[in-house]
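Notes for the structure review
Chain by chain, the residues:
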Amino acid sequence: MNKGEKIFVAGHRGMVGSALVRCLEARGYGNLVVRTRDELDLMRQGDVEKFIVEERPDYIFLAAARVGGIHANNTFRADFIYENLIIEANIVHAAWKSGVNRLLFLGSSCIYPRDCAQPIKEEYLLTGPLEQTNEPYALAKIAGLKLCESYNRQYGTNYVSVMPTNLYGPNDNYNLLESHVLPALIRKAHEAKIRGDRQLTVWGTGTPRREFLYVEDMAEACVFLMEQEVTDGVFNVGTGCDVTIGELAETVIRVVGFEGSITFDTSRPDGTPQKLLDVGKMRDLGWVAKTGLFEGITRAYEDFLKSHHS
Ligand code: GDP
């Protein structure tokens, strides 16, 4: 990537997209194009094609998506599959049609089979049934990476897919019914501390294992891949370490300073028992995550305090 080339970040107001913009700007990429949802509705095929033909970016980071935690995925199943399929199909097809040769598609680690061997290698894709709570979203994301692969095979484009583990950080969604576990626990612990509660309720049994990556590290991994001129394939992005939800909750309450105890609401679903990525492919290219969990949660909590409780 050359510093002056035009880069379109789709979804720049989201957690990943906004981290990508910060990362690109910090590295001296000055020719960024972004559009808010009001300016460009990525669900409208004609509008997306017109925009990409007119702007003709050299690179596209496709970070626009409908995302959410276990409850949102399980409840808004139609919205999650429909919106993600349409957005990715519109952008990938328009990119190819207007001659954009380089694109990076953001997927998710939930694309892998529910009960596959851990840590999860990229090659385990489509080797078994998916987790039910987020199957519609996972299928849309699988379609997205297959779109990239198929355009590469048929048309010779260079579209790459990255599969991040659970992400957290600035601009995360802290709405308790929509969010992922980490932002939910930050908010719950903070509010419990302020109210002086004795207990904090964590969903499920606390035993599922998850891996968490600070979003700034994710953005760096994406820019790194584009800079390597990697032209095809799927790349897992994570830390390579996981914790149980119970351990995560302990860490969050330590960062936040909540002194009560943790209880588990086992009427809530656990979801997939473990989701730990094998990050060997990225490591071999020379990229590893920098931010430890305690440090990342500390920074995320600072951001939460600034944006939600200033
Ligand atoms: P998943 O990784 O797709 O399962 O999505 P989540 O990040 O939403 O949930 C991860 C795990 O954390 C699941 O086992 C949830 O039951 C558990 N969990 C515990 N407390 C919460 C909470 O307050 N919100 C959410 N979203 N998950 C929670």
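Our structure's up above, just so we're on the same page.
So, a few notes on the structure that sits alongside this text. (Residues numbered from 1 in each chain as written. Predicted model: local features only at pLDDT ≥ 70, side-chain atom pairs only at ≥ 80, totals over all residues. Heavy atoms only, no water.)

Take the site of the ligand next. Ile70, Lys188, Arg210, Pro269 and Asp270 are the nearest of the 17 residues found near the ligand. Here a nitrogen atom of the ligand sits 2.9 Å away from a polar atom, N or O, in the main chain of Trp203. Within the backbone of Pro269, a nitrogen or oxygen atom sits 2.7 Å from an oxygen atom of the ligand. Bound to the protein, the ligand loses 98% of the 530 Å² it would expose on its own. Broken down by secondary-structure element, the contributors of at least two residues to the shell around the ligand are α6 (181-195) and β7 (199-203). (Near = heavy atom within 4 Å. Polar contact = N/O pair within 3.5 Å; in protein donor to acceptor, adjacent residues only side chain to side chain. Areas by Shrake-Rupley, 256 points an atom, 1.4 Å probe, with all protein chains shown as cover. Helix = DSSP H or I, 4+ residues; strand = E, 2+ residues; numbered from the N terminus.)

Moving on to unusual backbone geometry. Cis geometry is found at the peptide bond from Gln118 to Pro119, where omega equals -10 degrees. Looking at where Pro119 falls in the secondary structure, it is placed in the loop between β4 (102-106) and α5 (135-155). In this structure, Asn171 is a non-glycine residue whose phi angle is positive, near 70 degrees. Summarising the element assignment, Asn171 is placed in the loop between β6 (166-168) and α6. Even without being glycine, Glu229 reaches a positive phi, approximately 60 degrees. On the secondary structure map, Glu229 appears in the loop between α7 (215-227) and β10 (233-237). Judged by relative accessible area, Glu229 falls into the partly exposed class, the value being 40%. (Buried < 20%, exposed > 50% of the residue type's maximum accessible area, 1.4 Å probe, protein only.)

With respect to the helices, strands and loops of the structure, Ala64 is situated in the loop between β3 (59-62) and α3 (70-75). Taking the C-alpha atoms as reference points, Ala64 and Ile7, separated by 57 residues in sequence, lie 14 Å from one another. Residues contacting Ala64, with those up to four places away along its chain left out, are Ala10, Gly11, Leu42 and Ile87. (Contact = heavy atoms within 4.5 Å.)

A sheet is described by the order of its strands in space; here 3 strands give the open sequence β11-β8-β13, paired in mixed fashion. Strands with a single pairing partner mark the edges of an open sheet, and in this sheet they are β11 (243-244) and β13 (274-275). As paired elements, strand β8 (residues 209-210) and β13 share 2 bridges and run parallel to each other. Along β13, the bridge assignment pairs Arg210 with Lys275. (Pairing = 2+ DSSP bridges.)

This paragraph deals with helix α2 (residues 45-55). Since the α-helix advances by 3.6 residues per turn, residues separated by three or four positions end up pointing in the same direction. Every buried residue belonging to α2 is among Val48, Glu49, Phe51 and Ile52, and all of these are buried. For α2, the angular spread of buried residues about the axis comes to 165 degrees, placing them on one side. In α2, the exposed positions angled more than 90 degrees off the buried face are occupied by Lys50 and Glu54. Remark: Arg56 follows α2 within two positions and exhibits a positive phi of approximately 40 degrees. (Arc of directions from axis to C-beta.)

For the rest of this paragraph, the subject is the sheet that holds β4. In spatial order, the strands read β2-β1-β3-β4-β5-β10; together these 6 strands make up an open sheet with parallel pairing. The outermost strands of the open sheet, each flanked by one partner alone, are β2 (32-33) and β10. Summarising the sheet, strand β5 (residues 158-164) and β10 pair through 5 bridges and their orientation is parallel. In the sheet register, Ser161 faces β10, and the bridge partner there is Val234.

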